[in-house]
Amino acid sequence: MKVIETIAEMRQQVTLARKTGQTVGFVPTMGFLHEGHLSLIEAAREKHDLVVVSIFVNPLQFGPNEDLERYPRDFERDERLAKQAGTDIIFYPSVQEMYPEAMPMTIHVIKGVDVLCGASRPGHFDGVATVVMKLFQIIQPDKAFFGQKDAQQIAVIMNMVSAFNLPVQVIARPTIREEDGLAKSSRNVYLSEQERQEASFLYETLQIGAEIIKSGEKNRDRVLDQMKARLDKGSGQLDYLTILSFPSLNETKTLTGSIIIAIAYFYQNARLIDNYIIEA
Ligand code: AMP
């Protein structure tokens, strides 16, 4: 496994791979890898000759009062885990390498960002789309692998690929969870012991909502009320709880077709998100 820190060398490697007819699978991450990331790397490994994983904590996607400075990092551990999972190249650029000057232009996401994390984190998806566009240009993957945990991110990236006719296929992979159901996240290390014990109730609440819908309830507000009652018992603070159509992310009073139930929840030092996608 190679670690590449410059765009020039990354491009060289991809050009070389392409010349010999290799396909390229790409997994963008912010590092501090866990089984969720590793499942994406393994999925890429199954399908591609060259597997590239990027590790880059992207300043553009963090708001002024968010956790950019204290986002967890451990490159040596990431290196070991990425290698075990079958990575060929870790692309590990510095902020200076990716943004040698303030970006003279960025991608502004218009559709699908007035809800969920787009509403709670203004500008977040502009930052995500901009860095993913850069990474796609640098790595030129055949397929890029993303986790369903960040469902809105997938919708945004799929829209970007379609809007700009990018020659890459976006693959969505299921959320990997801890034994008690908590979605794996790099930010889980910031939970206190008590918060960690409690946090599995987020997924339990999603399951409660899903069960109510599966039992035939079509009224969105009635489902949300029952879920809220459960969430009110937590020690943190609810950012949002909502049900939308998926992947279009529109509000619907009556639940039919493919829908997403989504939660964002603040603990003291970590904001957690999770979701559940079902056919209503
Ligand atoms: P991040 O490092 O948090 O930016 O995540 C990098 C990629 O890993 C994104 O596509 C995430 O959706 C995905 N990911 C994060 N957590 C999980 C998880 N628990 N299961 C599956 N994929 C995940």
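Above this note sits the structure.
The structure reproduced in this document is the subject of the present report. A quick note: this is a predicted structure, and the numbers were derived from the prediction, not measured.

**Examining the overall build of the protein**
Then, number 1: Counting secondary structure elements, the protein contains 10 helices and 9 strands.
Then, number 2: A compact globule built from 280 residues would reach a C-alpha radius of gyration of about 19 Å, and the protein, at 19 Å, matches this within 12%.
Then, number 3: Projected onto its principal axes, the C-alpha positions of the protein cover 55 × 40 × 40 Å.
Then, number 4: A burial count over the protein gives 54% of its 280 residues as buried.
Then, number 5: Counting contacts in the protein only where the partners sit at least 6 residues apart, residues at least 24 apart contribute 73% of the total.
Then, number 6: Surface accessibility of the protein: about 13,500 Å² in total, with carbon and sulfur atoms responsible for 49%.
Then, number 7: Distance between charge centroids for the protein: 4 Å, based on 30 positive and 36 negative side chains.

**Some points on the packing of helix H6 (residues 124–139) against helix H7 (residues 151–163)**
Then, number 1: The N-to-C vectors of H6 and H7 enclose an angle of 55 degrees; their axes lie 10 Å apart at closest approach. Compared by their axis directions, H6 and H7 come out oblique. Viewed along their axes, H6 and H7 form a crossing whose handedness is right-handed. The segment H6 lies against H7, with Phe125, Val128, Ala129, Val132, Met133 and Phe136 engaging Gln152, Gln153, Val156, Ile157, Met160 and Val161.

**Considerations on the site of the ligand**
Then, number 1: Taken together, 17 residues form the shell around the ligand, and within it Met30, His37, Asp150, Ile176 and Lys184 come nearest.
Then, number 2: At 2.9 Å, a backbone N or O of Gly147 approaches an oxygen atom of the ligand.
Then, number 3: Backbone polar atom of Lys184 to a nitrogen atom of the ligand: 2.9 Å apart, as the coordinates give it.
Then, number 4: Protein burial of the ligand: of its 490 Å² of free accessible surface, 93% is covered by the chains.
Then, number 5: Those elements giving two or more residues to the shell around the ligand turn out to be strand S2 (24–29), helix H2 (35–47) and strand S5 (143–147).
Then, number 6: Considering every element that reaches the shell around the ligand, the biggest residue donor is H2, with 3 residues.
Then, number 7: Broken down by class, the residue content of the shell around the ligand amounts to 7 nonpolar, 7 polar and 3 charged.

**Overview of the packing of aromatic side chains**
Then, number 1: Inspection of every chain in the model, using the stated rule, returns 7 aromatic pairs.
Then, number 2: On the basis of an interplanar angle of 80 degrees and a centroid distance of 6.0 Å, the ring pair of Phe62 and Tyr71 is categorised as edge-to-face. Taken as a pair, Phe62 and Tyr71 share a single burial class, namely buried.
Then, number 3: Between Phe75 and Tyr92, the aromatic rings sit 3.8 Å apart at their centres with planes inclined by 10 degrees, giving stacked as the arrangement.

**Comments concerning the sheet that holds S2**
Then, number 1: The strand order S1-S4-S3-S2-S5-S6 describes an open sheet built from 6 strands, whose pairing is parallel. At either end of the open sheet lies a strand with only one pairing partner, and these are strand S1 (2–4) and strand S6 (169–173). In this sheet, adjacent strand axes meet at a mean angle of 25 degrees when their direction is disregarded.
Then, number 2: Pairing of S2 with S5, which is carried by 2 bridges, proceeds in the parallel orientation. For Phe26, the partnering residue across the bridge sits in S5 and is Ala144.
Then, number 3: The strands touched by H6 within the sheet are S2, strand S3 (50–55), strand S4 (89–91) and S5, with S2 carrying the most contacts at an inclination of about 150 degrees.

Reading the values: rules and limits
- Residues numbered from 1 in each chain as written.
- Predicted model: local features only at pLDDT ≥ 70, side-chain atom pairs only at ≥ 80, totals over all residues.
- Heavy atoms only, no water.
- Helix = DSSP H or I, 4+ residues; strand = E, 2+ residues; numbered from the N terminus.
- Rg over C-alpha atoms; globule rule 2.2 N^0.38 Å.
- Buried < 20%, exposed > 50% of the residue type's maximum accessible area, 1.4 Å probe, protein only.
- Contact = heavy atoms within 4.5 Å.
- Areas by Shrake-Rupley, 256 points an atom, 1.4 Å probe, with all protein chains shown as cover.
- Lys, Arg positive; Asp, Glu negative; His and termini not counted.
- Charge placed at Lys NZ, Arg CZ, Asp CG, Glu CD.
- Axes fitted to C-alpha atoms, helices over the stretch in contact; angles between N-to-C directions.
- Parallel < 35°, antiparallel > 145°, perpendicular 65-115°, else oblique.
- Left-handed = near helix turned anticlockwise from the far one by under 90°.
- Near = heavy atom within 4 Å.
- Polar contact = N/O pair within 3.5 Å; in protein donor to acceptor, adjacent residues only side chain to side chain.
- Nonpolar A, V, L, I, M, F, W, Y, C, P; charged D, E, K, R; others polar.
- Phe/Tyr/Trp six-rings, centres within 6.5 Å; stacked < 30°, edge-to-face > 60°.
- Pairing = 2+ DSSP bridges.

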